[in-house]
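# Structural overview
One letter stands for each residue in the lines below.
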Amino acid sequence: MNQFINIVNNANESFPIIGKILPGFSNGIWSYEEELYETPSEIRFPDDKLDWSTYINSNEKIVLLALHEDACIGQIRLVKDWNRFAYIENIAVKKDFRKSGVGHLLLEAAETWAKEQSLIGLSLEAQNDNLIACRFYVKEGFVLGGVDTLKQSANSNIDLTLYWYKLFEKTKGTADEQR
C-alpha cells in the first residue's frame, strides 16, 4: 500500500473548460441548461497535499487507484459523510485514458466500497464551469441536488458549486430499517 502513496497525484492533469451549467430550481426540482464558451480554456487543480497514510486501512475513508502497468492513471478519494453518503473528495483520470472507461470503473469501485459501508449513495461537488465533468456525472447516474452561491467566494473564477448525488436503489441498512 505505502508504495503507491507517491503516485496518487499522477492522475491529476489539466482538463478543458468548455462551458458551464446554468441551474434552475422549480417545484422542488433542480434542472439545468448548458452554456458553451466561444473560447475553451484549460485548468489544472493543485496536487493534493494530504497525509495519504490515513486512508490506508481506514473504515472512514479510502483512495482507490486505477493502474496501467506501474503508472497511476486514475484515482478516486472517498470519505464517509455524516448524511450516510460516500462523499467523493476527488476523482481524476490521466488525459490519455479519459473516455476509455477508467472513470466508470473508479465509480463502480467507489459504489462497491460505499455499499460495503452500508451507505445510501455517492455525493460530490463540482464547479459549474466544469461542464465535461458534470456531463460525466449525469451519464453515471448522478442528479443535481443543490447549488451553493457562496462556497467559492474567495475564487472569483467560480460562480457556483454544484452538489451531485447518486442514490443506490436498495441499500441494506437504510434509515427506515434502523428505526
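You'll find the structure just up there.
Residues numbered from 1 in each chain as written. Predicted model: local features only at pLDDT ≥ 70, side-chain atom pairs only at ≥ 80, totals over all residues. Heavy atoms only, no water.

Further remarks concern the overall build of the protein. Scanning the protein from N- to C-terminus turns up 3 helices and 8 strands. The helix and strand sequence of the protein, counted from the amino end, reads β-β-β-β-β-α-β-α-β-β-α. What you see for the protein is a C-alpha radius of gyration of 17 Å, in line with the 16 Å of a compact globule of 179 residues. By its C-alpha atoms, the protein is 45 × 45 × 30 Å across when sized along the principal axes. (Helix = DSSP H or I, 4+ residues; strand = E, 2+ residues; numbered from the N terminus. Rg over C-alpha atoms; globule rule 2.2 N^0.38 Å.)

To continue, consider the sheet that holds strand β8 (residues 161-167). Spatial ordering of the open sheet is given by β3-β4-β5-β6-β8-β7, a layout of 6 strands whose pairing is mixed. In the strand order of this sheet, the two ends are held by β3 (61-68) and β7 (143-148), each with one partner. Adjacent strand axes in the sheet meet at a mean angle of 25 degrees when their direction is disregarded. As paired strands, β3 and strand β4 (residues 71-80) are joined by 8 bridges and run antiparallel to one another. Bridge pairing links His68 to Ala71 in β4. Helix-sheet contacts for helix α1 (residues 102-116) involve β3, β4, β5 (85-93), β6 (121-127) and β8, and the interaxial angle to β4 is about 30 degrees. (Pairing = 2+ DSSP bridges. Axes fitted to C-alpha atoms, helices over the stretch in contact; angles between N-to-C directions. Contact = heavy atoms within 4.5 Å.)

This part takes up the packing of aromatic side chains. The geometry of an aromatic ring pair comes down to the distance between the two centres and the angle between the two planes. Enumeration over the complete set of coordinates arrives at 7 aromatic pairs. Here Phe85 and Tyr165 contribute two aromatic rings whose centre-to-centre distance is 5.2 Å and whose plane-to-plane angle is 65 degrees, an arrangement assigned as edge-to-face. Of this pair, Phe85 sits in strand β5 while Tyr165 sits in strand β8; the two residues are 80 residues apart in sequence, bridging distant segments of the chain. According to the relative accessible area criterion, Phe85 is buried, its value standing at 9%. One aromatic cluster in this structure is built from Phe136, Tyr137 and Phe142. Over the aromatic face of Tyr55 sits the side chain of Lys61, whose NZ or CZ is 4.6 Å from the ring centroid. Looking at Lys115, its charged tip hangs above the ring of Phe168, at a distance of 5.1 Å from the centre. (Phe/Tyr/Trp six-rings, centres within 6.5 Å; stacked < 30°, edge-to-face > 60°. Buried < 20%, exposed > 50% of the residue type's maximum accessible area, 1.4 Å probe, protein only. Lys NZ or Arg CZ within 6 Å of the ring centre and 35° of its normal.)

Turning next to α1. Because each turn of an α-helix spans 3.6 residues, side chains separated by three or four positions end up pointing in the same direction. Along its 15 residues, α1 runs 21 Å from first to last C-alpha, staying within 8% of the 21 Å computed at 1.5 Å per residue. Taken together, the buried positions of α1 are Val102, Gly103, Leu106, Leu107, Ala110, Glu111, Trp113 and Ala114. The elements touched by buried residues of α1 are β3, β4, β5, β6, α2 (131-139) and β8. Positive backbone phi, at 60 degrees, marks Ser118, one or two positions downstream of α1. (Expected span 1.5 Å × (residues − 1).)

Right, let's talk about the pattern of salt bridges for a bit. Summed over all chains, the structure comprises 11 salt bridges. When the shortest N-O distance is used, the salt bridge between Lys115 and Glu111 registers 3.0 Å. Of the two residues, Lys115 and Glu111 are both situated in helix α1; the distance of 4 residues between them amounts to about one turn of the helix. Residue classification places Lys115 among the partly exposed residues on the basis of a relative accessible area of 42%. Given the relative accessible area of 17%, Glu111 is considered buried. (Salt bridge = Lys/Arg side-chain N within 4 Å of Asp/Glu carboxyl O.)

Turning to the nonpolar core, a few remarks are in order. Residues Ile76, Leu78, Ile88, Leu122, Tyr137, Phe142 and Trp164 are the most contacted members of the largest nonpolar core, which totals 32 residues. Elements supplying a minimum of two residues to this core: β1 (15-26), β3, β4, β5, α1, β6, α2 and β8. Top contributing element to this core by residue count: α1, with 6 residues. (Core = buried A, V, L, I, M, F, W, Y, C linked by side-chain atoms within 4.5 Å.)

Before going further, it helps to spend a moment on the pairing of β5. Counting buried positions over the 9 residues of β5 gives 8, a clear majority of the element. Pairing of β4 with β5 involves 7 bridges; the strand directions are antiparallel. Looking across to β5, one finds that Leu78 is bridged to Ile88. If you look at the hairpin formed by β4 and β5, you'll find 4 residues sitting between the two strands, and Arg84 has a positive phi there, around 70 degrees. One ladder, built from 4 bridges, connects β5 with β6; its direction is parallel. Residue pairing for β6: Ile88 is matched across the bridge by Leu124. Chirality of the crossover, the property in question, places the unit of β5, α1 and β6 among those that are right-handed. (Right-handed = clockwise from strand over helix to strand, strands pointing away.)

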